[in-house]
Amino acid sequence: RSAHFALACARQALEDAGLAIRAENATRVGVVINTGAGGFADLEEAAHTLAEKGPRNIGPFVVPTLMPNAVACQVSIGIGAKGPVLTSTLACASGSYALLEATRFIETGEADVVLAGGSEAAITPVLVTAFHRMGALASRSVDPSQACRPFDAERDGFVYGEGAAVMVLESEAHALQRGAHIYAEVLGGSLTADAYHITAPDRDGAGAAQAMQRTLSRTHLSPDAVDVIFAHGTATPLNDAMETKAIHTVFQEHASRLAVTATKSMVGHTLGAAGAISALAAVLSLNRGVVPPTINYGTPDPACDLDYVPNTARACSPRVALVNAFGFGGQNVALLLGAYEGR
């Protein structure tokens, strides 16, 4: 299913971009679509089949459906892209990192166009139970639509989601030459590690802050150039407080002027697709002049004291957006996007 999601998104992205892949350009089109769990659902189903019905009932397609790189490879096969094809797994930071890797393929001349994003379809009995046993899932016994409450004092975990997002990245020269509609541009990004814990974030937010700071340094932008942050914002007690602290560390007095929004409040936590979905929301925010809200925000938390765009979308004109994504294992990705204004 994760490959199905990715292929559907890729076809929609190509249609929106007005881009056709033909024999003459196929080797210049790449695919970077990341995932956290890949085909874990197929593995879980196969394990049940083996236990209940025996080995003769295991089909020959189990291996190619469970391998994580099948997501990007199936997209490559489905659209005919013959350039570089890559899948990286960075847990919940996977989707954002795809855009950085795609950008590097373009910058090094390995591709003119790369379809980049993340996909996840991993709502399975084993994983739901495991996340519950970890204490990571929301447990509020209220209206389920109010269960995910990023940065709210009553937050108690994330709501599990599935989904995908894929975007067409290309060099500016290639986009202009073909008359493409340019939504935004990738300014840069960074990947760091906490080196702290296999699941918990470092409470002082040093790794997350370093990813944001390196991104600003590499793009030669000052902190006050950033207008909005699309936060990782999982609605877990530790993550949201850590991310807020990291934002304060990097942005200092400008932190209070930032709009900080959490898309997971509306779509849930899609694990390996989450960063790509946040990046897509950021691209559309820059293009359309509106910042989506953090819904279900009602009770302020002293440890989370920023402007989280509570409950209602905000019309504005952001020019630079930072996208945060943090993954189990301590991987931190910061991605900087800018409104495209031509050259």
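Each value, and the rule that gives it
- Residues numbered from 1 in each chain as written.
- Predicted model: local features only at pLDDT ≥ 70, side-chain atom pairs only at ≥ 80, totals over all residues.
- Heavy atoms only, no water.
- Helix = DSSP H or I, 4+ residues; strand = E, 2+ residues; numbered from the N terminus.
- Rg over C-alpha atoms; globule rule 2.2 N^0.38 Å.
- Contact = heavy atoms within 4.5 Å.
- Areas by Shrake-Rupley, 256 points an atom, 1.4 Å probe, with all protein chains shown as cover.
- Lys, Arg positive; Asp, Glu negative; His and termini not counted.
- Charge placed at Lys NZ, Arg CZ, Asp CG, Glu CD.
- Pairing = 2+ DSSP bridges.
- Axes fitted to C-alpha atoms, helices over the stretch in contact; angles between N-to-C directions.
- Buried < 20%, exposed > 50% of the residue type's maximum accessible area, 1.4 Å probe, protein only.
- Polar contact = N/O pair within 3.5 Å; in protein donor to acceptor, adjacent residues only side chain to side chain.
- Parallel < 35°, antiparallel > 145°, perpendicular 65-115°, else oblique.
- Left-handed = near helix turned anticlockwise from the far one by under 90°.
- Phe/Tyr/Trp six-rings, centres within 6.5 Å; stacked < 30°, edge-to-face > 60°.

> Sorry if this is basic, but what is going on with the overall build of the protein here?
Within the protein, the regular secondary structure consists of 11 helices and 11 strands. Since a compact globule built from 343 residues should have a radius of gyration of about 20 Å, the 20 Å found for the protein is in line with a globular shape. Seen through its C-alpha atoms, the protein measures out along the principal axes to roughly 60 × 55 × 35 Å. Long-range pairs, those at least 24 residues apart, make up 79% of the contacts in the protein with a sequence separation of at least 6. Here the protein has roughly 14,800 Å² of accessible surface; of this, 55% comes from carbon and sulfur atoms. A gap of 3 Å separates the mean positions of the 23 positive and 32 negative side-chain charges of the protein.

> Sorry if this is basic, but what is going on with the sheet that holds strand β6 (residues 228-230) here?
Within a sheet, adjacent strands bond to each other through the backbone by hydrogen bonds, running parallel or antiparallel. Read from one edge to the other, the open sheet built from five strands follows the order β5-β11-β10-β6-β7, with strand pairing classed as mixed. Bordering the open sheet on either side are β5 (184-193) and β7 (259-261), each of which pairs with just one other strand. Across the sheet, the axes of successive neighbouring strands diverge by a mean angle of 20 degrees, strand direction being ignored. Two elements, strand β10 (residues 320-327) and strand β11 (residues 331-339), share eight bridges in a ladder whose sense is antiparallel. Within β11, the residue paired with alanine 321 across the bridge is leucine 337. Relative to the sheet, helix α5 (residues 94-107) contacts β5, β10 and β11, its axis offset from that of β11 by approximately 65 degrees.

> Looking at this structure, how should I read the pairing of strand β1 (residues 29-34)?
Every other side chain in a regular strand lies on the same face of the sheet, so the side chains alternate between the two faces. Along β1, six of the six residues are buried, which leaves the element largely enclosed by surrounding structure. Covered by surrounding structure in β1 are Val29, Val31 and Ile33 together with Gly30, Val32 and Asn34, the residues of both alternating faces. Both β1 and strand β3 (residues 113-120) contribute to a ladder of six bridges, which runs parallel. Note that in β3 the partner of valine 31 across the bridge is leucine 115. Relative to strand β2 (residues 85-86), β1 runs parallel, the two sharing two bridges. Counted as the bridge partner of valine 32 is leucine 86 from β2.

> How do you make sense of the side chain of serine 2 when you look at a structure like this?
Residue placement: serine 2 occurs in helix α1 (residues 2-17). Under the relative-accessibility criterion, serine 2 is labelled buried at 6%. Of note is the side chain of serine 2, whose polar atom sits 3.3 Å from the backbone oxygen of glycine 38. When neighbours within four sequence positions are excluded, serine 2 is seen to be in contact with Gly38, Gly39, Val71, Ser119, Glu120 and Ala121.

> Help me out: how do you make sense of the packing of α1 against helix α4 (residues 70-79) in this one?
Relative orientation and spacing of two packed helices are given, respectively, by the angle between their axes and the distance between those axes. One can describe the packing of α1 onto α4 by two numbers: an axis separation of 9 Å at closest approach and a directional angle of 45 degrees. On the basis of their axis angle, the class for α1 and α4 is oblique. With respect to the hand of their crossing, α1 and α4 are arranged in right-handed fashion. Contact with α1, carried on its side by Ser2, Ala3, Ala6, Leu7, Ala10, Arg11 and Leu14, involves Ala70, Val71, Gln74, Val75, Gly78 and Ile79 of α4 and no other residues of that element.

> Help me understand the packing of aromatic side chains in this model?
Remark: the centre distance and the inter-plane angle together describe each pair of aromatic rings, the angle taken between the planes. Counted by the stated rule, this structure contains six aromatic pairs. Ring plane angle 50 degrees and centroid distance 6.4 Å describe the contact between phenylalanine 131 and phenylalanine 328, whose orientation is recorded as tilted. Placement of the pair is phenylalanine 131 in helix α6 (residues 125-134) and phenylalanine 328 in the loop between β10 and β11, with a sequence separation of 197 residues. Judged by its relative accessible area of 10%, phenylalanine 131 is buried. Classification of phenylalanine 328 as partly exposed rests on a relative accessible area of 33%. Between the aromatic rings of phenylalanine 151 and tyrosine 308, the centroid separation amounts to 4.2 Å while the plane-to-plane angle is 10 degrees, which identifies the pairing as stacked. Highlighted residues: phenylalanine 151 in the loop between α6 and β4 (163-170) and tyrosine 308 in the loop between β8 (290-291) and β9 (314-315), separated in sequence by 157 residues.

Take it as geometry only, folks, not as evidence of what the structure does.
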